[in-house]
Amino acid sequence: MTQRINALAQSPELFKKFVEFSMQIKKSGTIEASILHLIDIRASQMNGCGFCLDMHVKEAKIDGERELRVHHVAVWRESPLFSPRERAALAWTEALTRLPGHGVPDEAYEQVRAELSEKEISDLSFAIMAINAWNRLNVGFRTTPGSADKAYGLDRAKLD
């Protein structure tokens, strides 16, 4: 698979602003880094984004996430490895990533509302929005998984 377009090279100002937006979500500290990793991995799995999945698995490992939990993200409903708060975030991620024709189910909202504050739900939703946008950019342009490892320091994950 060959990369179609390099978004950074073609739209450097937009790329920079979107990176700033994504970094602001992480800097806010409202949502734990471990949950942000889980939602980035899950949305990337759902969207078939190899570049983002590769990147976020490596980031999670660098930040100390347990390998088995990373493997279980795809089956989080059946896995005993996730807290109720993490499950709520993953359910909300799935609901916002694949918007049903009839809207987000009340059950998904009630689950996330039981575990997170309104501010946390809002910030989580922006994080989900961001990863979905990154997924669409990288899937559309066929960005090669691992191609930015050195630039982003992901080679430290030692997952080559």
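Up top is the structure these notes are about.
Since the model is a prediction, treat every value here as computed from it, not as a measurement.

A. Highlighting the overall build of the chain. Counting its secondary structure elements, the chain contains 9 helices and 0 strands. Each helix and strand of the chain, ordered N terminal to C terminal, gives the series α-α-α-α-α-α-α-α-α. A compact globule built from 160 residues should have a C-alpha radius of gyration of about 15 Å, and the chain, at 16 Å, falls within 12% of that. Summarising its shape, the C-alpha atoms of the chain cover approximately 40 × 30 × 30 Å along the three principal directions. Taken over 160 residues, the chain has a buried fraction of 41%. Within the chain, contacts between residues separated by at least 24 positions form 73% of all contacts whose residues are at least 6 apart in sequence. Per element, the accessible surface of the chain, about 9,100 Å² overall, is 56% carbon and sulfur. Side chains of the chain give 21 positive and 22 negative charges; the mean places of these two sets differ by 5 Å.

B. Region of interest: the packing of aromatic side chains. For the structure shown, the criterion picks out 5 aromatic pairs. On the numbers, 5.2 Å between centres and 70 degrees between planes, the contact of F15 with W134 is edge-to-face. Of this pair, F15 sits in helix α2 (residues 12–28) while W134 sits in helix α8 (residues 118–140); the two residues are 119 residues apart in sequence, bridging distant segments of the chain. With a relative accessible area of 16%, F15 lands in the buried category.

C. Expanded view of the packing of helix α6 (residues 84–97) against helix α7 (residues 106–115). Running from N to C, α6 and α7 point in directions that differ by 145 degrees, and their axes come no closer than 8 Å. Helix-helix and strand crossings are classified by hand; for α6 and α7 the assignment is left-handed. Mapping the contact onto sequence places P84, R85, R87, A88, A91, W92 and A95 in α6 and A108, Y109, Q111, V112 and E115 in α7. Class assignment of the residues belonging to the contact of α6 with α7 gives a composition of 8 nonpolar, 1 polar and 3 charged.

Thresholds, definitions, all that
- Residues numbered from 1 in each chain as written.
- Predicted model: local features only at pLDDT ≥ 70, side-chain atom pairs only at ≥ 80, totals over all residues.
- Heavy atoms only, no water.
- Helix = DSSP H or I, 4+ residues; strand = E, 2+ residues; numbered from the N terminus.
- Rg over C-alpha atoms; globule rule 2.2 N^0.38 Å.
- Buried < 20%, exposed > 50% of the residue type's maximum accessible area, 1.4 Å probe, protein only.
- Contact = heavy atoms within 4.5 Å.
- Areas by Shrake-Rupley, 256 points an atom, 1.4 Å probe, with all protein chains shown as cover.
- Lys, Arg positive; Asp, Glu negative; His and termini not counted.
- Charge placed at Lys NZ, Arg CZ, Asp CG, Glu CD.
- Phe/Tyr/Trp six-rings, centres within 6.5 Å; stacked < 30°, edge-to-face > 60°.
- Axes fitted to C-alpha atoms, helices over the stretch in contact; angles between N-to-C directions.
- Left-handed = near helix turned anticlockwise from the far one by under 90°.
- Nonpolar A, V, L, I, M, F, W, Y, C, P; charged D, E, K, R; others polar.

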